[in-house]
Amino acid sequence: MGAAEVAAALAGLPAWQGDEHGISRSRRFPSMLAAAEAVVEIAAEADEMDHHPDVDLRYRTMHVGLTTHDVGGVTELDLRLAREIDRVLGEDQGPRALDRTDEQRTRARRPPAQPGSGA
Ligand SMILES: C[C@H](O)[C@H](O)[C@H]1CNC2=NC(N)=NC(=O)C2=N1
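Quick caveat, the model's predicted, so the values are computed rather than measured. In every chain, residue numbers begin from 1 and rise along the written sequence. A pLDDT threshold of at least 70 governs which residues receive local features in this predicted model, and a stricter bar of 80 or more applies before side-chain atom pairs are shown or counted, although totals over entire chains, interfaces and linings include all residues. The basis for every side-chain value is the complete set of non-hydrogen atoms in the structure, without hydrogens or water.

What about the packing of helix 2 (residues 32-49) against helix 3 (residues 76-88)?
A pair of packed helices is captured by two measures, namely the crossing angle of their axes and the spacing between those axes. Stated formally: Axis definition: a line fitted to C-alpha atoms, limited for helices to the stretch in contact. Angles are taken between N-to-C directions and run from 0 to 180 degrees. Going along the chain from the N terminus, every DSSP run of H or I of four or more residues is numbered as a helix, and every run of E of two or more is numbered as a strand. Here a crossing is called left-handed whenever its near helix is offset anticlockwise from the far helix by less than a right angle, and right-handed whenever the offset is clockwise. Contacts: residue pairs with any heavy atoms within 4.5 Å of one another. Nonpolar residues are Ala, Val, Leu, Ile, Met, Phe, Trp, Tyr, Cys and Pro. Charged residues are Asp, Glu, Lys and Arg, and all others, Gly as well, are polar.
Relative to each other, helix 2 and helix 3 sit at 145°, their axes nearing to 10 Å. Along this stretch, helix 2 crosses helix 3, giving a crossing that reads as right-handed. Contact with helix 2, carried on its side by Ala38, Glu41, Ile42, Glu45, Ala46 and Met49, involves Leu77, Arg80, Leu81, Glu84, Ile85, Arg87 and Val88 of helix 3 and no other residues of that element. Of the residues contributing to the contact of helix 2 with helix 3, the split by class is eight nonpolar, no polar and five charged.

Structure, rendered in structure tokens:
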């Protein structure tokens, strides 16, 4: 896919940047656990598509890079996975809903309060 085509596609993916060699985005989560859980969801999508991102997780900030290794550049598969990743991150619902989702994910991982364990 040429530089102009990638640039045109990026216009419809506002969280993403890059060029014909690769595209990337970042996202900060409320906690490292919330970030890691998002990575797991992305991995499930990636396996389903048989197309895999390069993920870098630093504390609670995730960086995702997409390129098609077989071709050495951006293909339609990368754009499709980018849209899936945005969907996993809940961005079709706006940034406030995003934060709620992360909060709820983190909350769901906590063990339930034990009755009679104080407080
Ligand atoms: C055999 C398997 O289909 C290939 O290795 C796939 C797996 N996932 C992949 N992911 C990415 N990003 N690029 C690839 O070229 C690629 N190739």
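From this point, the discussion proceeds with the structure in view.
Digging into the side chain of Thr68
The following threshold applies: Burial classes follow relative accessibility: with a 1.4 Å probe on protein chains only, a residue under 20% of its type's maximum area counts as buried, one over 50% as exposed, and anything between as partly exposed. Polar contact is the term for a pair of N or O atoms within 3.5 Å; when the atoms are in protein, one must be able to donate a hydrogen and the other to accept it, and sequence-neighboring residues count only if both atoms are side-chain atoms.
Position of Thr68 among the secondary structure elements: in the loop between strand 4 (61-66) and helix 3. On the basis of relative accessibility, which here comes to 7%, the residue Thr68 falls in the buried class. Here the side chain of Thr68 touches Asp78 through a polar contact of 2.6 Å, side chain to side chain. Setting aside its immediate chain neighbours within four residues, Thr68 contacts His51, Gly73, Thr75 and Asp78.

Overview of the pairing of strand 4
Regular strands place their side chains on alternate faces of the sheet. Heads up, the rule is: We treat two strands as partners when DSSP finds at least two bridges between them.
Looking at chain direction, strand 2 (residues 22-28) and strand 4 are connected through six bridges and run antiparallel. Pairing of Arg25 across the sheet is with Val64, part of strand 4. Counted along the chain from strand 3 (residues 54-58) to the antiparallel partner strand 4, the turn is two residues long, and its residue Tyr59 has a positive phi close to 50°.

Overview of helix 2
Heads up, the rule is: A helix is expected to reach a length of 1.5 Å times the quantity of its residues less one.
The end-to-end C-alpha separation of helix 2 is 26 Å, in line with the 26 Å expected for 18 residues at 1.5 Å each. Residues of helix 2 that are buried: Ala34, Ala35, Glu37, Ala38, Ile42, Glu45 and Ala46.

Considering the site of the ligand
So the rule is basically this: Think of it this way: one heavy atom of a residue within 4 Å of a molecule or strand is enough to make that residue near it. What sets the accessible areas is the Shrake-Rupley method with a 1.4 Å probe; for residues, cover comes only from the shown protein chains.
In the vicinity of the ligand, the contacting residues are Asp50, His51, His52, Thr67, Thr68, His69 and Asp70. Take His52: an N or O atom from its main chain is 2.8 Å from a nitrogen atom of the ligand. His69 places a polar main-chain atom, nitrogen or oxygen, 3.1 Å from a nitrogen atom of the ligand. Isolated, the ligand exposes 400 Å² of accessible area, and the fraction of that covered by the protein chains is 65%.

So, the sheet that holds strand 2
To summarise the sheet geometry, strands pair through backbone hydrogen bonds and adopt either a parallel or an antiparallel arrangement. Ordered in space as 1-2-4-3, the four strands form an open sheet in which the pairing is antiparallel. Since the sheet does not close on itself, it has two edges, and those belong to strand 1 (17-19) and strand 3, each with one partner. Strand-to-strand twist in this sheet, taken as the mean axis angle between neighbours without regard to direction, amounts to 15°. Sheet topology note: the strand 3/strand 4 ladder contains five bridges and is antiparallel.

Some points on the confidence of the model for the protein
The cut-off we apply is this: Per-residue confidence from the prediction method is given by pLDDT, with values spanning 0 to 100.
Model confidence for the protein is summarised by a mean pLDDT of 88, while 78% of its residues fall at 70 or above. Across residues 93-98, confidence stays below pLDDT 50; counting only partners more than four residues off in sequence or on other chains, it has four contacts. Our summary of model confidence lists the complex with pTM equal to 0.79 and ipTM equal to 0.95.

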